[in-house]
2 protein chains.
Amino acid sequence: MTDLDMASTSTAPRYMALAEALRSRIAQGDPDVGQLLPTEHALCETYSVSRHTVREALRMLAEAGLIARRRGAGTVVVARESRQRFAQHLGGVDDLMQYARDAQLTPLAQDTGPLDPAVARALGVNVSGVFLHVHGLRGRVGEPAIALTDMYIRADLAPEVQAFVDLNGAVTEWIAQQRGVPTARIEQSISAGALTEREASALKASPGEAALRTRRRYFDKGGRIIALSDSVHPAQRFTYEMVLQREAED
Amino acid sequence: MTDLDMASTSTAPRYMALAEALRSRIAQGDPDVGQLLPTEHALCETYSVSRHTVREALRMLAEAGLIARRRGAGTVVVARESRQRFAQHLGGVDDLMQYARDAQLTPLAQDTGPLDPAVARALGVNVSGVFLHVHGLRGRVGEPAIALTDMYIRADLAPEVQAFVDLNGAVTEWIAQQRGVPTARIEQSISAGALTEREASALKASPGEAALRTRRRYFDKGGRIIALSDSVHPAQRFTYEMVLQREAED
DNA sequence: CGCGAGACTTTGTCCGGACATGTTTGTCTC
DNA sequence: GAGACAAACATGTCCGGACAAAGTCTCGCG
């Protein structure tokens with residue numbers, strides 16, 4: 001069944017029928033996770049539909065989280081199934097950070113250049129390109145800082161440093177608006193560790209004190225890196241809270 | 001500003017600029033909730049763009065939950081602002097725990113009774129009733145344990161202890177099936193701390209070593225507590241990973 | 001005056017085309 | 001073998017058009 005003869009058996013639009021056909025193929029591993037889907041042009045021929053219809057179907061699959069599309073490279077399968085039972089909903093990236101709205105970023109240092117290999121390794125990425133790196137403290141005026149943070153923003157997307165500081169961390173939302181590159185996916189890891197002397201000094205805490213470390217990778221729709229961050233929080237000053245709600249069954 | 005001259009000030013696509021212009025209007029109540037947006041045709045003329053571009057912009061606003069579109073009737077504003085942007089989706093509670101499937105629970109102690117006030121305080125609850133308490137280690141056979149955990153399950157819902165152990169932590173799913181009480185909401189907090197001597201001894205780690213502490217509260221539909229848990233993980237053995245996807249809202 | 005049918009309006013589906021932008025591959029030169 | 005550059009490939013943006021489907025309005029008839 002390559003031609004879409006769904007019209008004869010249901011009233012579903014063609015792009016929905018195509019999305020379903022592709023979803024079914026992906027669920028069977030054809031193609032599997034990590035592999036490329038046929039190109040839009042090929043799908044037009046295989047299923048005898050216009051490119052518009054193919055694009056609509058692919059958009060649905062992308063929104064379902066099954067595929068990621070990259071201009072020039074193609075469309076890769078990222079998940080076999082959409083598995084949604086519990087969900088944590090966040091208003092925006094700043095909710096993810098869990099800092100109070102008035103927690104300001106105080107830059108301590110900045111530079112622009114390729115990512116240091118040790119930094120890339122710590123953040124779990126293998127990425128080339130130039131990044132704006134801003135190192136600073138995060139906290140309310142007059143209170144102990146809650147985070148010592150390093151942000152790395154792709155230089156081609158980054159604002160000016162002072163504008164970055166004024167954004168108080170909402171840089172990915174600025175990039176979405178001003179650069180037309182919205183964040184589509186965020187990977188965060190949370191781990192425990194002990195503060196180094198340098199970290200403790202900047203945070204006015206004790207060396208060796210327990211700390212929470214949060215690392216984030218921000219990706220665009222095509223899976224390319226937008227920004228990275230690495231923050232450390234003294235244990236006494238920060239706890240990460242999350243709420244998950246059960247969702248309706250599909 | 002009716003023509004889209006965004007191209008001269010940013011690289012954002014036209015449909016995004018239009019979506020932003022309309023989102024801004026809606027935020028200002030022009031049109032207000034319950035009122036109709038101008039038709040697609042009118043927007044094409046007002047903003048000097050094709051219908052395709054208008055439709056893309058409207059699709060974005062619809063996905064953001066700001067508008068609802070009805071064939072033949074028009075497009076109505078349903079919300080002034082979008083409040084939900086990102087979500088973390090989990091297949092089930094065991095995904096939340098992030099233990100390998102074969103990570104077994106070894107009980108070290110158990111008892112049944114009311115919640116100790118200190119425990120209740122640590123877990124952020126004020127609850128009466130009787131709980132089955134199981135204290136144990138979690139890890140793969142032959143490997144260092146990754147968690148020392150205390151689980152508290154409402155006694156009226158709890159399985160037998162041996163059955164509980166066989167469930168390997170998926171007790172809330174057993175309760176959903178066998179007791180007809182599904183978990184509707186989970187609250188989790190993640191913090192850093194240092195291992196106590198007792199904890200370090202059980203985990204075969206060093207006292208004072210940095211550790212991640214995860215605490216969870218499981219609620220049913222009516223907001224009543226089903227279970228509680230408090231786990232501590234040596235830093236070197238466990239990192240909490242999460243992935244958030246940008247999503248449409250309903 | 002109320003109801004139904006038809007006309008008109010508005011969004012949804014689907015086609016086609018062109019050009020832009022980013023990625024990958026191939027070729028050439030040092 | 002490495003680097004630079006060009007060409008080919010693949011998706012993204014944007015235009016235009018036609019027809020379908022659903023909703024609203026108007027007019028005529030009972």
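Keep in mind that what you see is a predicted model, and the values were worked out from it rather than measured.

1. Considering the overall build of chain A
Line of reasoning, step 1. Secondary structure summary: chain A contains 8 helices and 10 strands in total.
Line of reasoning, step 2. For chain A, the residues scored as buried account for 47% of the 250 residues in total.
Line of reasoning, step 3. Put simply, of all contacts in chain A between residues at least 6 apart along the chain, 61% involve residues at least 24 apart.
Line of reasoning, step 4. Of the roughly 12,300 Å² that chain A leaves accessible, carbon and sulfur atoms contribute 48%.

2. Details of the protein's contact with DNA strand C
Line of reasoning, step 1. Around DNA strand C, the structure places 22 residues, and the nearest of them are A:Tyr15, A:Ser50, A:Thr53, A:Arg71 and A:Gly72.
Line of reasoning, step 2. Among the atoms of DNA strand C close to the protein, meaning within 4 Å, 68% are from sugar or phosphate groups.
Line of reasoning, step 3. Within the side chain of B:Thr75, a nitrogen or oxygen atom sits 3.4 Å from a phosphate oxygen of DNA strand C.
Line of reasoning, step 4. When contributions to the surface near DNA strand C are tallied by element, the ones reaching two or more residues are helix 1 (14–27) and helix 3 (51–63) of chain A together with helix 3 (51–63), strand 1 (67–70) and strand 2 (74–77) of chain B.
Line of reasoning, step 5. Looking at the surface near DNA strand C residue by residue, the class counts come to 4 nonpolar, 8 polar and 10 charged.

3. Describing the pairing of strand 1 of chain B
Residue and element names in this part refer to chain B.
Line of reasoning, step 1. Of the pairings in the sheet, the one linking strand 1 to strand 2 comprises 4 bridges and is antiparallel in character. Bridging from a neighbouring strand, Arg70 pairs with Gly74 of strand 2.
Line of reasoning, step 2. Adjacent in sequence and paired antiparallel, strand 1 and strand 2 are bridged by 3 residues, among which Gly72 carries a positive phi angle near 90 degrees.

4. Structural notes on the protein's contact with DNA strand D
Line of reasoning, step 1. For DNA strand D, the set of nearby residues contains 21 residues, the closest of which are B:Arg14, B:Tyr15, B:Ser50, B:Thr53 and B:Arg71.
Line of reasoning, step 2. Of all DNA strand D atoms lying within 4 Å of any protein atom, the proportion belonging to sugar or phosphate reaches 67%.
Line of reasoning, step 3. Measuring from a phosphate oxygen of DNA strand D, one finds a side-chain N or O atom of A:Arg55 at 3.2 Å.
Line of reasoning, step 4. Between DNA strand D and the protein, one listed contact pairs a phosphate oxygen with a side-chain N or O atom of B:Thr53 at 2.3 Å.
Line of reasoning, step 5. For the surface near DNA strand D, the secondary structure elements donating two or more residues are helix 3, strand 1 (67–70) and strand 2 (74–77) of chain A together with helix 1 (14–27) and helix 3 of chain B.
Line of reasoning, step 6. With 3 residues, helix 3 of chain B is the largest single contributor of residues to the surface near DNA strand D.
Line of reasoning, step 7. Residues of the surface near DNA strand D, tallied by class, amount to 4 nonpolar, 8 polar and 9 charged.

5. A few points about the nonpolar core
Line of reasoning, step 1. Grouped together as the largest cluster of nonpolar side chains are 56 residues, with contacts concentrated most on A:Ile153, B:Ile153 and B:Tyr240.
Line of reasoning, step 2. Excluding residues that lie within four positions of it along the chain, A:Ile153 makes contacts with A:Val130, A:Phe131, A:Leu132, A:Ala158, A:Phe164, A:Val171, A:Ile175, A:Ile226 and A:Ala227.

6. What about unusual backbone geometry?
A negative phi angle is the norm for most residues apart from glycine, just as the trans form is the norm for most peptide bonds.
Residues and elements named next belong to chain A.
Line of reasoning, step 1. The peptide bond linking Asp30 to Pro31 adopts the cis configuration, its omega dihedral lying at 5 degrees.
Line of reasoning, step 2. Assignment of secondary structure puts Pro31 in the loop between helix 1 and helix 2 (40–47).
Line of reasoning, step 3. Phi is positive for Lys204, close to 55 degrees, though the residue is something other than glycine.
Line of reasoning, step 4. Along the chain, the position of Lys204 falls in the loop between helix 8 (197–203) and strand 8 (210–219).

7. Notes on helix 3 of chain B
Line of reasoning, step 1. Taking 1.5 Å of rise per residue, the 13 residues of helix 3 of chain B would be expected to cover 18 Å, and the 18 Å separating its terminal C-alpha atoms lies within 8% of that figure.
Line of reasoning, step 2. Following helix 3 of chain B by one or two positions, B:Gly65 adopts a phi angle in the positive range, close to 85 degrees.

8. As for the side chain of B:Thr53
Line of reasoning, step 1. Structurally, B:Thr53 can be placed in helix 3.
Line of reasoning, step 2. For B:Thr53, a relative accessible area of 13% puts it in the buried group.

9. What about the pairing of strand 6 (residues 147–154) of chain A?
All names here are of chain A.
Line of reasoning, step 1. Of all 8 residues making up strand 6, 8 are buried, and the element is well covered by its neighbours.
Line of reasoning, step 2. Covered by surrounding structure in strand 6 are Ala147, Thr149, Met151 and Ile153 together with Leu148, Asp150, Tyr152 and Arg154, the residues of both alternating faces.
Line of reasoning, step 3. Pairing between strand 6 and strand 9 (residues 225–234): 6 bridges, direction antiparallel. From the neighbouring strand, Ile153 faces strand 9, where its bridge partner is Ala227.

10. Some details on the environment of B:Ala147
Line of reasoning, step 1. On the secondary structure map, B:Ala147 appears in strand 6 (residues 147–154).
Line of reasoning, step 2. Sequence-wise, B:Ala147 and B:Ala211 are 64 residues apart; in three dimensions their C-alpha atoms are separated by 9.8 Å.

11. Comments concerning the pattern of salt bridges
Pairing is possible between side chains that carry opposite charge, provided their charged atoms lie close to one another.
Residue and element names in this part refer to chain A.
Line of reasoning, step 1. Counting across every chain of the model gives 31 salt bridges over all chains.
Line of reasoning, step 2. Here Arg213 makes a salt bridge to Glu199, at a shortest N to O gap of 2.9 Å. Of this pair, Arg213 sits in strand 8 while Glu199 is found in helix 8, placing the two residues 14 residues apart along the sequence. Taken as a pair, Arg213 and Glu199 share a single burial class, namely buried.

12. Here's the deal with the environment of B:Arg213
Residue and element names in this part refer to chain B.
Line of reasoning, step 1. Here the alpha-carbon distance between Arg213 and Ala147, two residues 66 residues apart in the chain, equals 9.2 Å.
Line of reasoning, step 2. Those residues within four positions of Arg213 in sequence are excluded, and the remaining contacts are Ser189, Ile190, Ser191, Glu199, Asp230, Ser231 and Val232.
Line of reasoning, step 3. Of note is the side chain of Arg213, whose polar atom sits 3.0 Å from the side chain of Asp230.

13. Quick notes on the confidence of the model for chain A
Residues and elements named next belong to chain A.
Line of reasoning, step 1. Here chain A shows a mean pLDDT of 82. Residues at 70 or above account for 86%.
Line of reasoning, step 2. Across chain A, element-level confidence peaks in helix 2 with a mean pLDDT of 94 and bottoms out in helix 4 (residues 93–97) with 65.
Line of reasoning, step 3. Here residues 5–9 is modelled with pLDDT under 50, and outside its nearest four sequence neighbours on either side it reaches 2 contacts, counting other chains as well.

14. Concerning the environment of B:Ala68
Residues and elements named next belong to chain B.
Line of reasoning, step 1. Of note, Ala68 is situated in strand 1.
Line of reasoning, step 2. Judged by relative accessible area, Ala68 falls into the partly exposed class, the value being 30%.
Line of reasoning, step 3. Leaving out residues up to four positions away in the same chain, Ala68 has contacts with Gly74, Thr75, Val76 and Val78.

15. Focus on helix 2 (residues 40–47) of chain B
Residue and element names in this part refer to chain B.
Line of reasoning, step 1. Considered for burial, the residues of helix 2 that qualify are Glu40, Leu43, Cys44 and Tyr47. The buried side chains of helix 2 occupy one side of the element, clustering within an arc of 105 degrees when seen end-on. Facing away from the buried side of helix 2, by more than 90 degrees, are the exposed residues His41 and Glu45.
Line of reasoning, step 2. The elements touched by buried residues of helix 2 are helix 1, helix 3 and strand 1.
Line of reasoning, step 3. Trailing helix 2 by a residue or two, Ser48 shows a phi angle of about 55 degrees, which is positive.

What counts, and at which threshold
- Residues numbered from 1 in each chain as written.
- Chains lettered and ligands numbered in written order.
- Predicted model: local features only at pLDDT ≥ 70, side-chain atom pairs only at ≥ 80, totals over all residues.
- Heavy atoms only, no water.
- Helix = DSSP H or I, 4+ residues; strand = E, 2+ residues; numbered from the N terminus.
- Buried < 20%, exposed > 50% of the residue type's maximum accessible area, 1.4 Å probe, protein only.
- Contact = heavy atoms within 4.5 Å.
- Areas by Shrake-Rupley, 256 points an atom, 1.4 Å probe, with all protein chains shown as cover.
- Near = heavy atom within 4 Å.
- Polar contact = N/O pair within 3.5 Å; in protein donor to acceptor, adjacent residues only side chain to side chain.
- Nonpolar A, V, L, I, M, F, W, Y, C, P; charged D, E, K, R; others polar.
- Pairing = 2+ DSSP bridges.
- Core = buried A, V, L, I, M, F, W, Y, C linked by side-chain atoms within 4.5 Å.
- Expected span 1.5 Å × (residues − 1).
- Salt bridge = Lys/Arg side-chain N within 4 Å of Asp/Glu carboxyl O.
- pLDDT = per-residue confidence, 0-100.
- Arc of directions from axis to C-beta.

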